[in-house]
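Structural characterization, general
Given next are the chains, with one letter for each unit.
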Amino acid sequence: MSVESKIEARIESLREALRHHEYLYYVEDSPEILDAEYDTLMNQLKALEAEHPELITPDSPTQRVGGRPKEGFAKVAHSRPMLSLDNAYNEAELRAWADRVHAALPAGETVEFVCELKLDGLSLALHYGASANGASVLQRGLTRGDGTTGEDVTTNVRTIRSVPLAVSAAKLKKAGMPQQFEVRGEVVMPQAAFQRMNEEAVAAGLPVKANPRNAAAGTIRTLEPNIVAQRRLDFYAYFLLREGETLLPGQQETLDALKTAGFRVNMHGSSAKTIDTVLKFIEKAEAQRDDLGYEIDGVVVKVNSTAQQARLGFTGKAPRWAIAYKFAARAGVTQLKGVGFQVGRTGKLTPVARLTPVFIGGTTVSNATLHNADEIQRLGVRIGDWVQVERGGDVIPKIVKVDESHPRGTEEIEFPTHCPVCDEPVVREEGEVDWRCVNASCPARLREELLHFASRGVMNIEGLGDALVAQLLGQAEMAPAEGEEEAAEPVARKALIHSVADLYTLTMDQLLTLERIGQKSAQTLLDEIERSKKNPLWRVLLGLGIRHVGERTAQLLAEEFASRGQDYEAMQALMDATEEELQRVPEIGPKVAEAIHEFFAGHKNRQLVERLHKLGFSFTAEKRQKTSQLEGMTFVLTGTLPTLKREDAKTMIEAAGGKVSGSVSKKTTYVVAGDEAGSKLDKANELGVKVIDEAALLAMFGQ
Ligand SMILES: NC(=O)c1ccc[n+]([C@@H]2O[C@H](COP(=O)([O-])OP(=O)(O)OC[C@H]3O[C@@H](n4cnc5c(N)ncnc54)[C@H](O)[C@@H]3O)[C@@H](O)[C@H]2O)c1
Ligand SMILES: [Zn+2]
């Protein structure tokens, strides 16, 4: 092969690898490699292309942004391309960028920078248009897509509470903004929401998302707006455009105006006159990284002046007037000492890597998840290997890959053929990745079942934690606690309970035989247990721990079957439902339907439910929790509102889950009255229905 064709081949293979990872990242929202690794491949390609510009093709990953828009959403062209940012990884690269900026501008011209946190989410473009009386309303929300064309995700965007659905004339005036404008910013999933989402996924036996960014991307592109509302995304605004042009003379003014208009603006941004000040900002931001509640992966530095930005212009796919300073990845390299296996509630075996403790981004990591047998195979990891461990926000650390620069380990990881706790054979069903202990009375499973059942968000039995459950089961702690090498020595005790239902027959005398429990706490626990019988049907369903049934599915099921009968009758109808019937419940697919059906086909499970009924469970089929701000509320609009057109007010209310009706009745929640409100207002007063004005309505949207 000639030198040229070797280079060409290298370029082509880099492009292919990048396209593969972009697909996984942007379309599937589930990357296989670290961002830093992706960036390395990209930088290699950029360097080769810089040396051989004749080999640059328009479809090279260096020339375009993002991924293909996903099916299922309308595709809409952007007013101006939504670009990526060039990166700097250290001080020298940042200074080199600043030098290029100065060199491109007339000698002696001063440049002011604005530093903002680089939020690790995905960008959105929000289009606002004129409505009555000088106000603006949200008309459209687009993802970045491939940079030129985005996906129309308006319905989902409307559920994000920090996105104003309307901006009043007064606010526009104060912010110096026209009625028609476009805001660009970042949508992120706060760490707490991310954690909750993954906990639910684990409980339901579904795959978890790699990081909040991928979770946010997946959420904003679901076809189910209620899911988006439940997951609590957040939006931070940073650009303000009009017909594709930056509206205000500077970035700092843009941020201020956006804030005045009611957008959430990241308040950690600040102006800097020199790169030294920028570097101080970066240092401070990195130190705060763990305390923000959302993920950031660096700092974006922008040239403040819009006029200077225009003169600097763009390169292939990024502006020259901005740079992303990226923090070092929160990864470390350490040695794999061994692998333990945890048995979960559904019997699932999770391999847990025991590591030589390593300090990563502020904490000591000594355990990391290896997920499942397939993952071990994919990584090709052996005991004794040096491995790269990654940690994001609050997420369980995970092994990303084997570090080949160290001598390789020699001991293969053996996946147990038998449950490490009860010693029954483990099985893997066709098409599943996980091995499970299917012994229904496996102590490990029972322990997890009880912990899940009692946990906050499920049956909510305060005080029934790890230590107590272990005692009730006559076991000692089974898995070593974080940071400990071995589990405590088991102390044999007689088990007081053998199933979830046994909790409800526990007596004071029995509890008093346990360690570390006095009369008072025993009584509190008994009260808690008694009280939990009144939990609504959906919580009981969730508590049963049916595979694939998380909070939302449990709520949907309870709501659906509530119409088939009162309380326990609803539960019975659900237990008797065929797979076809179950699939007719909104959002429930074949896999979930099968799991539910299979669960209740089990004699033991049915018996458990019947016993719970006899023990006095109420199985109340209450309405699902509110997922939208105005769900369950009915509004009647009357008269002329000061800023909103009636049509716009209606759209806003409906988008937030409320209903708008034409006539006032006792069922009306609010009458929104403007000028010259007539008979409807009288009727409201007559029936004692609450009357509010436009300002109060807007206040419900946080405006
Ligand atoms: N792991 C993988 O397989 C894989 C694959 C593809 C891409 N990636 C990662 O995706 C990223 C590349 O994507 P990219 O093009 O979005 O680039 P980028 O994330 O590096 O930077 C551009 C983006 O930063 C965001 N941003 C956050 N805060 C901002 C602020 N205050 N002002 C302006 N913009 C702000 C915007 O969404 C903008 O689009 C890289 O980090 C890359 O590592 C990873
Ligand atoms: Zn077992």
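What you are looking at is a predicted structure, and each value in this text was computed from that prediction instead of being measured.

Focus on the overall build of the protein
Each helix and strand in the protein was counted, giving 25 helices and 24 strands. In the protein, buried positions account for 51% of the 703 residues. Contacts in the protein between residues at least 24 apart in sequence constitute 68% of all its contacts with a sequence separation of at least 6. Just so you have it, the protein exposes about 32,700 Å², and 50% of that area is on carbon and sulfur atoms.

Here we look at the site of ligand 1
In the vicinity of ligand 1 lie 24 residues, with Tyr26, Asp39, Ser84, Glu186 and Lys326 positioned nearest. Glutamate 186 is positioned such that a nitrogen or oxygen atom in its side chain is 2.5 Å from an oxygen atom of ligand 1. Coverage of ligand 1 by the protein amounts to 94% of the 810 Å² it exposes when considered alone. At the level of elements, helix H1 (3–27), helix H2 (35–51), strand S3 (113–119) and strand S12 (296–303) are the ones that each hand at least two residues to the shell around ligand 1. A total of 4 residues in the shell around ligand 1 trace back to one element, the largest contributor, which is S3. Grouping the amino acids of the shell around ligand 1 by side-chain chemistry returns 12 nonpolar, 4 polar and 8 charged. Two domains each donate at least three residues to the shell around ligand 1, and these are domain 1 (3–63) and domain 2 (87–326).

Things to note about the UniProt feature "binding site: Zn(2+)" (unreviewed entry) in the protein
The UniProt record annotates "binding site: Zn(2+)" (unreviewed entry) at Cys419, Cys422, Cys437 and Cys442. Their sequence span is 24 residues, while the largest C-alpha to C-alpha distance among them is just 8.7 Å; these annotated residues converge on one region. Of note, cysteine 419 is situated in the loop between strand S18 (398–402) and strand S19 (426–427). Classification of cysteine 419 by relative accessible area gives buried; the value is 2%. When neighbours within four sequence positions are excluded, cysteine 419 is seen to be in contact with Val343, Glu424, Val426, Cys437 and Cys442. Once you skip the residues sitting within four places of it in the chain, cysteine 437 turns out to touch Val343, Thr346, Gly347, Leu349, Cys419, Cys422, Val426, Cys442 and Arg445.

Digging into the coordination of the zinc ion (ligand 2)
Distances from the zinc ion (ligand 2) to its protein donors, Cys419 (SG), Cys422 (SG), Cys437 (SG) and Cys442 (SG), fall at 2.2 to 2.4 Å. Given 4 donor atoms and angles of 99 to 116° at the metal, the environment of the zinc ion (ligand 2) is assigned as tetrahedral. The sequence motif formed by the donor residues of the zinc ion (ligand 2) is C-x2-C-x14-C-x4-C. Of the two residues, cysteine 419 is situated in the loop between S18 and S19 and cysteine 442 in the loop between strand S20 (436–437) and helix H13 (443–454); the sequence distance between them amounts to 23 residues. Exposure remark for cysteine 442: the relative accessible area of 0% places this residue in the buried category.

A word on the environment of lysine 659
Relative to the helices and strands, lysine 659 resides in strand S22 (residues 659–661). Sequence-wise, lysine 659 and leucine 630 are 29 residues apart; in three dimensions their C-alpha atoms are separated by 8.2 Å. Setting aside residues no more than four positions away along its own chain, lysine 659 makes contact with Met633, Thr634, Phe635 and Ile653.

Brief notes about the sheet that holds S3
Spatially, the 5 strands line up as an open sheet ordered S2-S13-S12-S3-S11, and their pairing is mixed. Of all strands in the sheet, those bounded by a partner on one side alone are strand S2 (87–88) and strand S11 (270–272). Sheet analysis places S12 next to strand S13 (residues 322–326), joined by 5 bridges and oriented antiparallel. Residue pairing for S13: valine 299 is matched across the bridge by tyrosine 325. Most of the contacts of helix H10 (residues 275–288) go to S3, to which it runs at about 25°, and overall it touches S3, S11, S12 and S13.

Description of the packing of helix H19 (residues 567–576) against helix H22 (residues 603–614)
Helix packing for two helices is described by the angle between their axes and how far apart those axes are. Viewed as axis vectors pointing N to C, H19 and H22 meet at an angle of 175°, and their least axial separation amounts to 12 Å. With respect to each other, H19 and H22 are oriented roughly antiparallel. Contacts between H19 and H22 involve Tyr568, Met571, Met575 and Asp576 on the former and, on the latter, Arg606, Val609, Glu610 and His613. Within the contact of H19 with H22, the residues separate by chemical class into 4 nonpolar, 1 polar and 3 charged.

Observations concerning the packing of aromatic side chains
For the coordinates displayed, the defined rule picks out 15 aromatic pairs. Aromatic side chains tyrosine 568 and phenylalanine 619 sit 5.2 Å apart centroid to centroid with 40° between the ring planes, which places their arrangement in the tilted category. Of this pair, tyrosine 568 sits in helix H19 while phenylalanine 619 sits in the loop between H22 and strand S21 (634–638), and the two are 51 residues apart along the sequence. Summarising the burial analysis for this pair, tyrosine 568 and phenylalanine 619 share the class buried. Site record: aromatic cluster; members linked through ring pairs are Tyr238, Phe239, Phe314 and Trp321.

Quick word on the packing of helix H17 (residues 537–544) against H19
Taken N-terminus to C-terminus, the directions of H17 and H19 make an angle of 40°; their axes are 11 Å apart at the nearest point. Looking at the two axes, H17 sits oblique to H19. Between H17 and H19 lies a crossing of right-handed hand. Between H17, through Leu537, Leu541 and Leu544, and H19, the contact on the second element is made entirely by Ala570, Met571 and Leu574. Among the residues forming the contact of H17 with H19, the class breakdown is 6 nonpolar, no polar and no charged.

Some words on the sheet that holds strand S7 (residues 166–167)
Two modes of strand pairing occur in sheets, parallel and antiparallel, and in both the strands are linked by backbone hydrogen bonds. The sheet built from 6 strands is open, its strands ordered S7-S5-S4-S8-S9-S10 with antiparallel pairing. Looking at which strands have only one partner, the edges of the open sheet turn out to be S7 and strand S10 (245–246). Here strand S4 (residues 122–130) pairs with strand S5 (residues 136–143) via 7 bridges, running antiparallel. Along S5, the bridge assignment pairs glycine 129 with valine 137.

Regarding helix H7 (residues 212–220)
Since one α-helical turn is 3.6 residues long, residues separated by three or four positions face the same way. Counting buried positions over the 9 residues of H7 gives 9, a clear majority of the element. Of the positions making up H7, those classed as buried are Pro212, Arg213, Asn214, Ala215, Ala216, Ala217, Gly218, Thr219 and Ile220.

Description of the pairing of strand S8 (residues 181–188)
Across a regular strand the side chains alternate sides, sitting on one face of the sheet and then on the other. Within S8, 8 of the 8 residues are buried, which leaves it mostly tucked inside the rest of the structure. Pairing between S4 and S8: 7 bridges, direction antiparallel. The partner of tyrosine 128 across the bridge, within S8, is phenylalanine 181. Note that S8 and strand S9 (residues 234–242) share 7 bridges and pair antiparallel. In the sheet register, glycine 185 faces S9, and the bridge partner there is alanine 237.

So, how was this worked out
Residues numbered from 1 in each chain as written. Chains lettered and ligands numbered in written order. Predicted model: local features only at pLDDT ≥ 70, side-chain atom pairs only at ≥ 80, totals over all residues. Heavy atoms only, no water. Helix = DSSP H or I, 4+ residues; strand = E, 2+ residues; numbered from the N terminus. Buried < 20%, exposed > 50% of the residue type's maximum accessible area, 1.4 Å probe, protein only. Contact = heavy atoms within 4.5 Å. Areas by Shrake-Rupley, 256 points an atom, 1.4 Å probe, with all protein chains shown as cover. Near = heavy atom within 4 Å. Polar contact = N/O pair within 3.5 Å; in protein donor to acceptor, adjacent residues only side chain to side chain. Nonpolar A, V, L, I, M, F, W, Y, C, P; charged D, E, K, R; others polar. Domains from an automatic or database assignment. UniProt positions renumbered as here; feature names shortened; annotations may be inferred. Donors = N, O, S within 2.8 Å, 3.2 Å for Na, K, Ca; no water. Tetrahedral: all angles 85-135°; square planar, octahedral: opposite > 155°, others 65-115°. Pairing = 2+ DSSP bridges. Axes fitted to C-alpha atoms, helices over the stretch in contact; angles between N-to-C directions. Parallel < 35°, antiparallel > 145°, perpendicular 65-115°, else oblique. Phe/Tyr/Trp six-rings, centres within 6.5 Å; stacked < 30°, edge-to-face > 60°. Left-handed = near helix turned anticlockwise from the far one by under 90°.

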